[in-house]
Amino acid sequence: MLVVDDDPTVAEVVAGYLDRAGYAVDRAADGPQALTAAASARPDLVVLDLMLPGMDGLEVCAKLRATGPVPVIMLTARGDEDDRILGLELGADDYVTKPFSPRELVLRVESVLRRSRAAAPRGGELSGAGLTLDTAARRAAKHGAELALTLREFDLLAHFLRHPGRVFGREELMREVWGWEFGDLSTVTVHVRRLRGKVEDDPARPRLITTVWGVGYRFDSDPSAAGAVRDGAYPEDDPQRGSAADRETRP
């Protein structure tokens, strides 16, 4: 496991808690050191500070992703929602906002690792609406073209493909896909939006992963049979309705 933070106190605390939880931990103080460490020994997971000197955490995350899949938990001191979820938009699997509880961080690490280390998921191969998932190899494709999905995006799409036509609320998705009983529901919103950007022909007017107003999300394996887009079907696309997290919880 690799902890990347330019604050030696934070890095020491995080590494100490992870070490006591039984993980072997390497540390890096900046982006180049992190990339060098990851190249020499691929980590099982990276705890990555967003605000690094020179090469920031977002760039480091992108470069790590370019060399192969690795779970990333982003640390951020930013309070604005758009900034807090920016790491998720660029492929991080989770984020923790500073100041944070080290014990909570360890729980998040354990949750992400359980997903990434799980044996071949149920179902073997899943398919629907031109999408295919090889759950053993963790490979996804749309009409034969491979999709670059993060750990959570893959799990979320697999969950939808296993339950076509069923509506899931964000709390339910957080429990069943993330394995969390609590957390920031905007995490789910961001992952759905990002997944739409990869599987929809027109992400601005999604037809596969649709929003059921006041309830949650539904995957339609046959969008032509699901009916035309109805007024208000995609409330998250209307900026007059408030933030995405707020809009999704209104009746």
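Reading the values: the criteria
- Residues numbered from 1 in each chain as written.
- Predicted model: local features only at pLDDT ≥ 70, side-chain atom pairs only at ≥ 80, totals over all residues.
- Heavy atoms only, no water.
- Salt bridge = Lys/Arg side-chain N within 4 Å of Asp/Glu carboxyl O.
- Helix = DSSP H or I, 4+ residues; strand = E, 2+ residues; numbered from the N terminus.
- Buried < 20%, exposed > 50% of the residue type's maximum accessible area, 1.4 Å probe, protein only.
- Core = buried A, V, L, I, M, F, W, Y, C linked by side-chain atoms within 4.5 Å.
- Contact = heavy atoms within 4.5 Å.

K.L.:
Looking at this structure, how should I read the pattern of salt bridges?
P.N.:
For side chains bearing opposite charge, pairing can occur when the charged atoms are close. For the structure on display, the rule yields eleven salt bridges. Among the salt bridges present, the one from Lys-98 reaches Asp-5, with a minimum N-O distance of 3.1 Å. With Lys-98 in the loop between β5 (94-97) and α6 (102-117) and Asp-5 in the loop between β1 (2-4) and α1 (8-20), this residue pair connects regions lying 93 residues apart in the sequence. Two residues, Lys-198 and Glu-153, come together in a salt bridge whose shortest N-O distance is 2.7 Å. Taken together, the positions of Lys-198 in helix α9 (residues 186-199) and Glu-153 in helix α7 (residues 151-162) put the pair 45 residues apart, joining distant regions of the chain. What makes Lys-198 partly exposed here is its relative accessible area of 23%. Through salt bridges with shared partners, one network takes in Asp-5, Asp-49 and Lys-98.

K.L.:
Just to check I follow, could you spell out helix α8 (residues 170-178) for this structure?
P.N.:
One full turn of an α-helix is made of 3.6 residues, so residues set three or four places apart face in the same direction. When α8 is considered as a whole, its buried residues turn out to be Arg-170, Glu-172, Leu-173, Met-174, Val-177 and Trp-178. Just downstream of α8, Gly-179 is the residue with a positive phi angle, here 75°.

K.L.:
What is the right way to look at the nonpolar core in this model?
P.N.:
Note on soluble globular proteins: their nonpolar side chains tend to be buried together. If you look at the biggest cluster of nonpolar residues, it comprises 26 residues, and the most contacted ones within it are Phe-160 and Ile-209. Where this core is concerned, the elements lending two or more residues are β7 (131-134), α7, α8, α9 and β12 (216-219). Non-local contacts of Phe-160, meaning those with residues more than four positions away in its chain, are made with Phe-168, Leu-173, Leu-195, Ile-209, Tyr-217 and Phe-219.

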